[in-house]
Amino acid sequence: MNAVPPKLSRANPAWEFAAILLGAAAAGIATLVFLFNPATHHFYPVCQFHRLTGLNCPGCGMTRALYALLHGEVGTALQDNALFVIAIPAMLARGLWFATKKPAGRAAVVFFPTRWLWPLAIVALVFAVLRNLPAFAFLSPQ
Ligand SMILES: [Zn+2]
């Protein structure tokens, strides 16, 4: 029996298309948020968790934080959503790592390994709990 191992293609057009689409969507969203302040324009989606409970979820304030970041106001962005501001460089670093690993012939590189899911979920949960406690009110968007 001649078992031939499957060939792994170096470039996957579907992944490249998805990456281009994701980049274009991110650029479009950043442009929209840059041009229209979420504090004064009310066409942005409202957090349903906050609307129903009055509590801040881990994502509350992300749009305002992005607006502040895009306008160079890092302090305001950190106040609106510190987790989001910290996650951006981490995601960019991961994206850069992913982009450099892929051409090296590692076709099976996963952008978001599943073993990261629980630790990140715990970080988000702890952040959500803390930002709703009076002692950590500085973590809540104003
Ligand atoms: Zn929320």
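Here, the structure is the one placed above.
Cut-off values and rules
Residues numbered from 1 in each chain as written. Predicted model: local features only at pLDDT ≥ 70, side-chain atom pairs only at ≥ 80, totals over all residues. Heavy atoms only, no water. Helix = DSSP H or I, 4+ residues; strand = E, 2+ residues; numbered from the N terminus. Buried < 20%, exposed > 50% of the residue type's maximum accessible area, 1.4 Å probe, protein only. Contact = heavy atoms within 4.5 Å. Areas by Shrake-Rupley, 256 points an atom, 1.4 Å probe, with all protein chains shown as cover. Phe/Tyr/Trp six-rings, centres within 6.5 Å; stacked < 30°, edge-to-face > 60°. Axes fitted to C-alpha atoms, helices over the stretch in contact; angles between N-to-C directions. Parallel < 35°, antiparallel > 145°, perpendicular 65-115°, else oblique. Left-handed = near helix turned anticlockwise from the far one by under 90°. Nonpolar A, V, L, I, M, F, W, Y, C, P; charged D, E, K, R; others polar. Polar contact = N/O pair within 3.5 Å; in protein donor to acceptor, adjacent residues only side chain to side chain. Donors = N, O, S within 2.8 Å, 3.2 Å for Na, K, Ca; no water.

The next thing to look at is the overall build of the protein. Tallying secondary structure elements over the protein gives 5 helices and 0 strands in all. Listed N to C, the secondary structure of the protein is α-α-α-α-α in terms of helices and strands. Expressed as a percentage of the 142 residues in the protein, the buried residues total 20%. Of all intrachain contacts in the protein linking residues separated by at least 6 positions in sequence, the fraction that spans at least 24 positions is 49%. Carbon together with sulfur atoms contributes 73% to the accessible area of the protein, which is approximately 10300 Å² in total.

Taken as a whole, this structure holds 3 aromatic pairs when the rule is applied. Ring geometry for F36 against F43: centres 5.7 Å apart, planes inclined by 80 degrees, an arrangement best described as edge-to-face. F36 sits in the partly exposed class, given a relative accessible area of 31%. Centre to centre, the rings of F136 and F138 are 6.0 Å apart; their planes meet at 50 degrees, and the pair counts as tilted. Ring pairing ties together the aromatic residues F36, F43 and Y44, which thus form one cluster.

Time to look at the packing of helix α4 (residues 74-101) against helix α5 (residues 117-131). Orientation of α4 relative to α5, taken along the N-to-C sense of each, is 165 degrees, at an axis distance of 11 Å. In terms of orientation, α4 and α5 fall into the roughly antiparallel class. Regarding α4 and α5, the two cross each other, and that crossing is right-handed. Residue-level inspection shows D80, N81, A82 and L83 of α4 in contact with α5, the latter providing V123, A124, F127 and R131. Partitioned by chemical class, the residues of the contact of α4 with α5 number 5 nonpolar, 1 polar and 2 charged.

The next subject is the side chain of N81. As for its position among the elements, N81 is in helix α4. N81 gets classed as buried once you look at its relative accessible area, which sits at 0%. In terms of polar contacts, N81 uses its side chain to reach the backbone carbonyl oxygen of C60, at 3.0 Å. One polar contact links the side chain of N81 to the main-chain amide nitrogen of F84, over a distance of 2.9 Å. Setting aside chain neighbours within four positions, we find N81 in contact with P58, G59, C60, G61, M62, A65, F127 and R131.

Attention shifts here to the coordination of the zinc ion. Each protein donor to the zinc ion is listed here as C47 (SG), C57 (SG) and C60 (SG); together their distances run 2.1 to 2.2 Å. Spacing between the donor residues of the zinc ion along the chain follows C-x9-C-x2-C. In this pair, C47 sits in the loop between α1 (13-35) and α2 (48-53) while C60 sits in the loop between α2 and α3 (62-70), placing the two residues 13 residues apart along the sequence. On the accessibility criterion, C47 (25% relative accessible area) is partly exposed.

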